[in-house]
Amino acid sequence: DFLDQLVENLQGYNLKLYNATSKTLTHDLMFRQYVNLMTKSKKTSERRYRGTLMHTFQFKQQRFTYMDFNTDSSYYHFTYALNDSTIDTMRFYTISNTLQISTFQPYKENRFERYFVHFTGGVTYEYTNYAARNYFGHALIPFAQAHIRLFTVMDIHARISYTLGGYNQNDLNTGAEVSLKLGKNSKHKIGAAIHFHYLSPDYIMTSFSDNHHYWEIQWPKKQKIVQLNPYWQWGEYKVEMNYYMLHHFVYLSDSLTPKVSNDYTNVFQVHLYAPFYLKGFGVKTNLYLQYANKQIIQVPVFAGRLDFFYRFGIFKNKAKLQFGFNAAYNTSY
């Protein structure tokens, strides 16, 4: 009725919310220190690299505040708890400490090496605080990853992590990727990756409250997400396809309440990344074509992003300074 103007009084459709404001505030802080483990040969006195012991501390916080004043009471009377104003706030932060040992030597490039086997293994302790629901979580996340190069032209990557404790108890993330250069000195590369995620839904899908919504839900099963990713790459240019298969996926319904889909949902995506550089100027283009076979996953058919910038060196070219603008467009969905 609003779109076709079949009602006499359109004031009830105050869609622009002239007095509404949203504020998002994020903080990130990270410290990393490492020591390279070396041994000395008795015969030649040559120092040999044996691995790197590394510790990482990280703090992340996100805060979102929504406010609206002098709301249209004739329309929002059954939506807002108060007719004249509303305010919603969410605050979430994590503190993590990671200890790992690795054979990836810092600051050493391996792109010219013919073959190698590198690995990383460690554990992360993570403390989580979600103020709105008085949630405090503690989790241990052991992880491992490997990078193998064969015959100069083939690279194999693999990774796995598992969560012990906290809201994400027994979550599992795994992935593997194989890439092949089309010749030793060729810029052309083809590859494929597969990822499997066995995940709890986002915490706000389980426990949430604001001025207008409240739910406490215990989901009987975890989400299962499989991703397949074949791609072709030439230098920095890249064309890839992404296929996602979702099972027991938790989503927000039309009534803005969480629901679970016990059916299999498929999402298809084609992505093009094309950068261009001329002296100090640069343009980066990301284009996406997408399709989902079920309405519960809402994606635009087309989405694009353009980054235009100028970059130059400062402090005798020891650092880079860049400024420019970003533009994004997507079809309705």
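Rules behind the numbers
Residues numbered from 1 in each chain as written. Predicted model: local features only at pLDDT ≥ 70, side-chain atom pairs only at ≥ 80, totals over all residues. Heavy atoms only, no water. Helix = DSSP H or I, 4+ residues; strand = E, 2+ residues; numbered from the N terminus. Core = buried A, V, L, I, M, F, W, Y, C linked by side-chain atoms within 4.5 Å. Buried < 20%, exposed > 50% of the residue type's maximum accessible area, 1.4 Å probe, protein only. Contact = heavy atoms within 4.5 Å. Pairing = 2+ DSSP bridges. 1 Å grid on protein atoms, 1.4 Å probe; cavity = no way out; pocket = protein on both sides within 12 Å on 5 of 7 lines; lining within 4 Å. Points joined across faces, edges and corners; volume = space filled by probe spheres on them. Nonpolar A, V, L, I, M, F, W, Y, C, P; charged D, E, K, R; others polar. Salt bridge = Lys/Arg side-chain N within 4 Å of Asp/Glu carboxyl O.

Trainee: I'd like a rundown of unusual backbone geometry, residues and numbers included.
Mentor: In this structure, F315 takes a positive phi of about 55 degrees despite not being glycine. With respect to the helices, strands and loops of the structure, F315 is situated in the loop between β17 (302-314) and β18 (319-330). A positive phi is found at N317, a non-glycine position, where the angle reads about 65 degrees. Following the sequence through the fold, N317 ends up in the loop between β17 and β18.

Trainee: Which residues make up the nonpolar core, and what are the values?
Mentor: Counting residues in hydrophobic clusters, the biggest one holds seven residues: I225, L246, F249, Y251, V267, A292 and I297. Residues within four places of A292 in sequence aside, it is in contact with N266, V267, I297 and V299. Residues Y130, Y135, Y203 and W215 belong to the second largest nonpolar core, which totals five residues.

Trainee: So what's going on with the pairing of strand β11 (residues 223-234)? Residues and values would help.
Mentor: In the sheet, strand β8 (residues 188-199) pairs with β11 via 12 bridges, with the strands oriented antiparallel. For F196, the partnering residue across the bridge sits in β11 and is V226. Bridging between β11 and strand β12 (residues 237-247) involves nine bridges; their strand directions are antiparallel. Residue pairing across strands places Q233 opposite K238, the latter belonging to β12. Linkage of β11 to β12, two consecutive antiparallel strands, is achieved through a turn of two residues, within which G235 is found at a positive phi near 60 degrees.

Trainee: Quick one: what's the story with the layout of surface pockets, residue by residue and with numbers?
Mentor: The space that makes up the largest pocket amounts to roughly 950 Å³. Elements supplying a minimum of two residues to the lining of the largest pocket: β1 (21-40), β2 (47-69), β3 (85-102), β4 (116-130), β5 (135-150) and β13 (249-252). In terms of residue count, the dominant contributor to the lining of the largest pocket is β5 (six residues). Taken together, the residues that form the lining of the largest pocket break down as 18 nonpolar, 15 polar and five charged. Every residue lining the second largest pocket is counted, 16 residues in all, and those nearest its centre are F64, D88, F208, D210 and H213.

Trainee: Residues and numbers for the pattern of salt bridges, please.
Mentor: A full pass over the atoms with the stated rule returns four salt bridges. For K238, the salt bridge identified is with E240, shortest N-O distance 4.0 Å. On the basis of relative accessible area, K238 is assigned to the partly exposed category, the value being 23%. Residue classification places E240 among the buried positions, given a relative accessible area of 12%. A salt bridge links D307 to R305; its shortest N-O distance comes to 3.1 Å.

Trainee: Let's hear about the environment of K184: which residues, and what values?
Mentor: Turning to its location among the elements, K184 is positioned in the loop between β7 (172-181) and β8. Accessibility expressed as a relative area gives 58% for K184, which makes it exposed. Separated by 31 residues in the primary sequence, K184 and V153 have C-alpha atoms spaced 6.0 Å apart. Here K184 is in contact with T152 and V153, once residues within four sequence places are set aside.

Trainee: So what's going on with the side chain of T163? Residues and values would help.
Mentor: Relative to the assigned elements, T163 resides in the loop between β6 (154-162) and β7. With near-sequence residues (within four places) excluded, T163 lies in contact with A139, L140, I141, N168, Q169, N170 and D171.

Trainee: I'd love a proper account of the pairing of β3, names of residues and values included.
Mentor: Regular strands show a simple pattern: their side chains alternate between the two faces of the sheet. In this structure, β2 lies alongside β3, joined through 18 bridges in antiparallel fashion. Across the sheet, M67 pairs through a bridge with I87, a residue of β3.

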